[in-house]
Structure formats: structure tokens, C-alpha cells
Amino acid sequence: MSNPSLLILAGDGIGPEVMAEVQRIIAWFGDKRGLKFDVSEDLVGGAAYDAHGVPLHDDTMAKAQEVDAVLLGAVGGPKYDVLDFSVKPERGLLRLRKEMDLFANLRPAQCFDALADFSSLKKDIVAGLDIMIVRELTSGSYFGEPRGIFIEDNERVGINTQRYTESEIDRVARAAFELARKRSKKLCSMEKANVMESGILWRDVVTEVHADYQDVELSHMYADNGAMQLVRAPKQFDVILTDNLFGDLLSDCAAMLTGSLGMLPSASLGAPMENGRPKALYEPVHGSAPDIAGQGKANPSACILSFAMALRYSFDQGTEADRLEAAVEKVLADGVRTADLMQADGGAPVSTSEMGSAIIAALDASL
Ligand code: NAD
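The structure reproduced in this document is the subject of the present report. (Residues numbered from 1 in each chain as written. Predicted model: local features only at pLDDT ≥ 70, side-chain atom pairs only at ≥ 80, totals over all residues. Heavy atoms only, no water.)

1. Digging into the overall build of the protein
Line of reasoning, step 1. On a plain count of helices and strands, the protein comes out with 12 helices and 12 strands.
Line of reasoning, step 2. By the compact-globule yardstick of 21 Å for 367 residues, the protein fits well, its C-alpha radius of gyration being 21 Å.
Line of reasoning, step 3. Considered along the principal axes of its C-alpha atoms, the protein spans approximately 60 × 50 × 50 Å.
Line of reasoning, step 4. Within the protein, buried positions represent 51% of all 367 residues.
Line of reasoning, step 5. Residue pairs at least 24 apart in sequence account for 74% of intrachain contacts in the protein once pairs closer than 6 positions are excluded.
Line of reasoning, step 6. A gap of 3 Å separates the mean positions of the 36 positive and 55 negative side-chain charges of the protein. (Helix = DSSP H or I, 4+ residues; strand = E, 2+ residues; numbered from the N terminus. Rg over C-alpha atoms; globule rule 2.2 N^0.38 Å. Buried < 20%, exposed > 50% of the residue type's maximum accessible area, 1.4 Å probe, protein only. Contact = heavy atoms within 4.5 Å. Lys, Arg positive; Asp, Glu negative; His and termini not counted. Charge placed at Lys NZ, Arg CZ, Asp CG, Glu CD.)

2. Topic: the side chain of Ser306
Line of reasoning, step 1. Following the sequence through the fold, Ser306 ends up in helix α10 (residues 301–313).
Line of reasoning, step 2. Relative accessible area serves as the criterion here: at 2%, Ser306 is assigned to the buried category.
Line of reasoning, step 3. Ignoring sequence-local partners within four residues, the contact set of Ser306 consists of Pro265, Ser266, Tyr282, Glu283 and Pro284.

3. As for the sheet that holds strand β2 (residues 38–42)
Line of reasoning, step 1. Ordered in space as β2-β1-β3-β12-β11-β4-β5-β10-β8-β9, the 10 strands form an open sheet in which the pairing is mixed. At either margin of the open sheet sits one strand with a lone partner, and together these are β2 and β9 (217–222). Put simply, the sheet's adjacent strands are angled 20° from each other on average, direction ignored.
Line of reasoning, step 2. In the packing of helix α3 (residues 58–66) onto the sheet, contacts are made with β1 (5–11), β2, β3 (69–74) and β12 (278–284), and the angle to β1 comes to roughly 140°. (Pairing = 2+ DSSP bridges. Axes fitted to C-alpha atoms, helices over the stretch in contact; angles between N-to-C directions.)

4. Focus: the nonpolar core
Line of reasoning, step 1. Of all hydrophobic cores here, the largest spans 71 residues; its most connected members are Leu71, Leu106, Val134, Tyr282, Phe307 and Leu324.
Line of reasoning, step 2. Beyond its immediate sequence surroundings of up to four residues, Tyr282 is in contact with Ala69, Val70, Leu71, Leu72, Ser266, Ala267, Leu269, Ser306, Met309, Ala310, Tyr313 and Ser314.
Line of reasoning, step 3. Formed by 19 residues, the second largest nonpolar core is a distinct cluster that contains Ala109, Ala116, Leu129 and Ile240. (Core = buried A, V, L, I, M, F, W, Y, C linked by side-chain atoms within 4.5 Å.)

5. Focus: the site of the ligand
Line of reasoning, step 1. Every one of the 20 residues lining the ligand counts as a neighbour, but Val75, Glu90, Gly287, Ala289 and Asp291 are closest to it.
Line of reasoning, step 2. In the model, an oxygen atom of the ligand is placed 2.5 Å from a nitrogen or oxygen of the Glu90 side chain.
Line of reasoning, step 3. In this structure, a nitrogen atom belonging to the ligand sits 2.9 Å away from a main-chain N or O atom of Asn299.
Line of reasoning, step 4. Looking at the shell around the ligand residue by residue, the class counts come to nine nonpolar, seven polar and four charged. (Near = heavy atom within 4 Å. Polar contact = N/O pair within 3.5 Å; in protein donor to acceptor, adjacent residues only side chain to side chain. Nonpolar A, V, L, I, M, F, W, Y, C, P; charged D, E, K, R; others polar.)

6. Here's the deal with helix α9 (residues 244–257)
Line of reasoning, step 1. Here α9 is 14 residues long and its end C-alpha atoms lie 20 Å apart, about the 20 Å a rise of 1.5 Å per residue gives.
Line of reasoning, step 2. Those residues of α9 not exposed but buried are Asn244, Phe246, Gly247, Leu250, Ser251, Ala254, Ala255 and Leu257. All buried residues of α9 fall inside an arc of 155° around its axis, so they share one side.
Line of reasoning, step 3. Its buried side turned inward, α9 meets β4 (104–110), α5 (123–126), β5 (130–136), β8 (186–191), α8 (223–232) and β10 (239–242).
Line of reasoning, step 4. Measuring from the backbone nitrogen of Leu245 back to the side-chain oxygen at the start of α9 gives 3.2 Å, which picks out Asp243 as the cap.
Line of reasoning, step 5. One or two steps after α9, the chain reaches Gly259, where phi turns positive at roughly 95°. (Expected span 1.5 Å × (residues − 1). Arc of directions from axis to C-beta.)

7. Concerning helix α12 (residues 352–365)
The α-helix advances 3.6 residues per turn, and as a result positions three or four apart in sequence lie on the same side.
Line of reasoning, step 1. Given a rise of 1.5 Å per residue, 14 residues ought to cover 20 Å, and the 20 Å separating the end C-alpha atoms of α12 matches this to within 8%.
Line of reasoning, step 2. When we look at burial in α12, the residues that qualify are Thr352, Met355, Gly356, Ala358, Ile359, Ile360, Ala362 and Leu363.

8. Quick word on the packing of α8 against α9
Line of reasoning, step 1. Closest axis-to-axis distance for the α8/α9 pair is 10 Å, and the angle between their directions is 5°. It follows from the interaxial angle that α8 and α9 lie roughly parallel. Mapping the contact onto sequence places Ala223, Gly226, Ala227, Leu230 and Val231 in α8 and Phe246, Leu250, Cys253, Ala254 and Leu257 in α9.
Line of reasoning, step 2. The class makeup of the residues in the contact of α8 with α9 is nine nonpolar, one polar and no charged. (Parallel < 35°, antiparallel > 145°, perpendicular 65-115°, else oblique.)

9. Some thoughts on unusual backbone geometry
Line of reasoning, step 1. Residue Pro146 follows Glu145 across a cis peptide bond; omega there is 0°.
Line of reasoning, step 2. Despite not being glycine, Asp101 shows a phi value in the positive range, around 55°.
Line of reasoning, step 3. Of note, Asp101 is situated in the loop between α4 (89–99) and β4.
Line of reasoning, step 4. For Asn154, which is not glycine, the phi torsion reads 65° and is therefore positive.

10. Remarks on the pattern of salt bridges
Line of reasoning, step 1. Using the criterion set out here, one finds 23 salt bridges in the structure.
Line of reasoning, step 2. A salt bridge links Arg183 to Asp130; the shortest N-O distance between them is 3.4 Å. Taken together, the residues Arg183 in the loop between α6 (166–182) and β8 and Asp130 in strand β5 connect sequence positions 53 residues apart.
Line of reasoning, step 3. The partner of Arg203 in a salt bridge is Glu191, and the shortest N-O contact between them spans 2.8 Å. Of this pair, Arg203 sits in helix α7 (residues 197–210) while Glu191 sits in strand β8; the two residues are 12 residues apart in sequence, bridging distant segments of the chain.
Line of reasoning, step 4. For Arg203, a relative accessible area of 23% corresponds to the partly exposed category.
Line of reasoning, step 5. Overlapping salt bridges bring together Arg33, Glu320 and Arg323 as one network. (Salt bridge = Lys/Arg side-chain N within 4 Å of Asp/Glu carboxyl O.)

This is the structure we're talking about:
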């Protein structure tokens, strides 16, 4: 049987720097755990624009559709800010998400004990926090028609439409229930059924899907209350399911509970392929960080933890994903810190590659 395939799109800025550390981790799993991947690499974002005049070449798009999972670094940078909207680096990423139909965006918000002081909330509220937000990614207000700025009665009117079909809600709800089943079997769905018809439909469909997942405890919450509860008592949640717009806000809010952008991974999943694996793209939440690019300062953890998500959700290697996450946690507990994780009096930071080496040493120690 052939090895599972990975397409690496390192992108711009710190993308290639953090991805270089992921490549070392991938090699470690091949050498030490017999978990070999067929890895190919290609360009995305500004790097693709420089080479081809587009932020994602058609051939790269075709490759992304064929592989078992795509790992992406980050895209963008000041050099590309002047480009026309249609060829901006972000369009490459949006094209991948759209054409792969990645409808479920998984954003974990996990607070590593060693970093609990970094949260803007009190330590006891966030220590041990481990929640997962499932955000619908391909529909809702960001895509609904009609949209645009029109003239009505001699003034401009800005219009966006919140629109969801039953099947769009059904498929993302199933993804969230499946995930809840693998965690603590608790799912909270958030919408605004009190003021929005799309919210009423959302609540109805999620309740209907629940019939197939009776082992999971389902609750519903209005999204504004959800935002409040996330900062009041975030540990009451395990998996949160929500739509595109609310998910955008709630997942950023939850992310900041953990304190550091350099630690946050994400996964975007689509429908199962012929081999049963979902279409999948894994990427850190952070951007290309032009302010520190090329200086060896970037924290590779978010990108490495995105690969851990790939092990778990694309390759059914939960034990190995646990091993990798535990290695990152051990390194933090040992006090190893890249510059973004330093307190004012915290001593000397390690470089991107030193952080990668420390994680590999922790992986070695786990054997
Ligand atoms: P950013 O996430 O790149 O950086 C925000 C701040 O966090 C910066 O100070 C940066 O140094 C720091 N930071 C981010 N990741 C870090 C890491 N791994 N280690 C250490 N520090 C880290 O966001 P921004 O500055 O708003 O955007 C910069 C560029 O990235 C823009 O072109 C933007 O469009 C793009 N962007 C891309 C993505 C993506 O590729 N998914 C996401 C967000 C922003």
C-alpha cells in the first residue's frame, strides 16, 4: 500500500520557517514510528504570485485535490498589499478552501498550563482549558446573495445575506457531532434563533441531526450569550458548533483565551474522499508575521500542532497526535520559549529551529 500523501504549501513570511520545522517532525515520524508520508511541496500566496502571476497555480490546485492532506504555512506580506484584489495572496488560500469545499473549520483553543499566565483572563479560569470550535466555513453571511452596495432612495445601502440550506447545516452538524463523540460527548450549538430565521432553521436541523447522535449531549445557546460565557467560564464547553459569521468572532475570542497566536493550529475539513479520508487543509491560525520574518524568531508550535491535527483527523493516528502534542507541552513546561512566549524578565528566547529541536528531543524521550 502506498504512503499517505501530503502537499506542503509553506507560503510567505514566516511560513517557510515554521514549515521547515514541521518537515523535521514529519521525518521523525517516518524514521522513528514507521509513519511515512509522500511529501510534495508547492507555492501559494505571494510566492506563487512571484513565480506565476497568480496566488495559486491551477496545477497546485489540482494537486491539492488529489493528496490526502494539505499543510499550509501562511500567506501575505506588505510587498503584495498593492496588488489587485483578484491576485492578492489571500485569494490563493480562499481558492483552496472554496474548491476543496472545506465546510468545517476546526479551531481548538487549548491553554497549556505553562502558558496560563499569557491569557488576558485569570489563570484559574483558563488553566486546563481545552475546547474546540467548529465553524461553518463555506456559506452564511460571507457568501449569501444578494450582496453588494446599492443605491436606494438616493442613498447607499450595504447588503449581505445570511443564508443557510438544510443540507449545509446538516453536514457541518454531523462533523461536529462526530468530533464530540471522540472527545467528551458534549456539543453546544450557537446561533441567534431569537431574532434570525436562519438561526431557527439552524437550531431545528441540529436538533434533527442529534437523533443520530443520542450518545452526545446537545445544548443550544444564543451566540451573544456564548461570547459572554466564553470569557466568563470557558471550561463549561467542549465542542461548540456555530455558523460562519458567529464562528469567525467566537473562534478568535476563544483563541485569545489561550494567550498566544504562535500556539494555535486549525483544520478545515470537507467531504470524505474515495479512500474515506476527508478533504483537509491544516494551517496555523497566525499570518505571515512580516515583522519577524527571516529572523529565526517565529514560534513553529502552531504549525507543528496543525500537523498533529492532520495525524488525528486525516490519518487516524490519535496516539501519535497525542505524542506530538505532549512533546510540545513538555517543552513549554521545561521553560523553553520562543520570543513571543517570553515574559518581560524571562531570560533568553530560543530560535525557531531550536524550538523544533527541543520538540524533537521531547519526542525522542517519549519512546
Ligand atoms: P500575523 O498573525 O502575521 O502577526 C500578528 C503578530 O503576531 C505579529 O506581531 C507577529 O510577529 C506575531 N506572530 C504571528 N505568528 C507568530 C509566530 N508563529 N511566532 C511568533 N510571533 C508570531 O498577522 P498580521 O500582522 O495581521 O498579518 C501579516 C500578514 O499575514 C498580512 O499580509 C495578512 O494578510 C497575512 N495573514 C495571513 C493569514 C493566513 O495565511 N492564514 C492569516 C492572518 C494574516
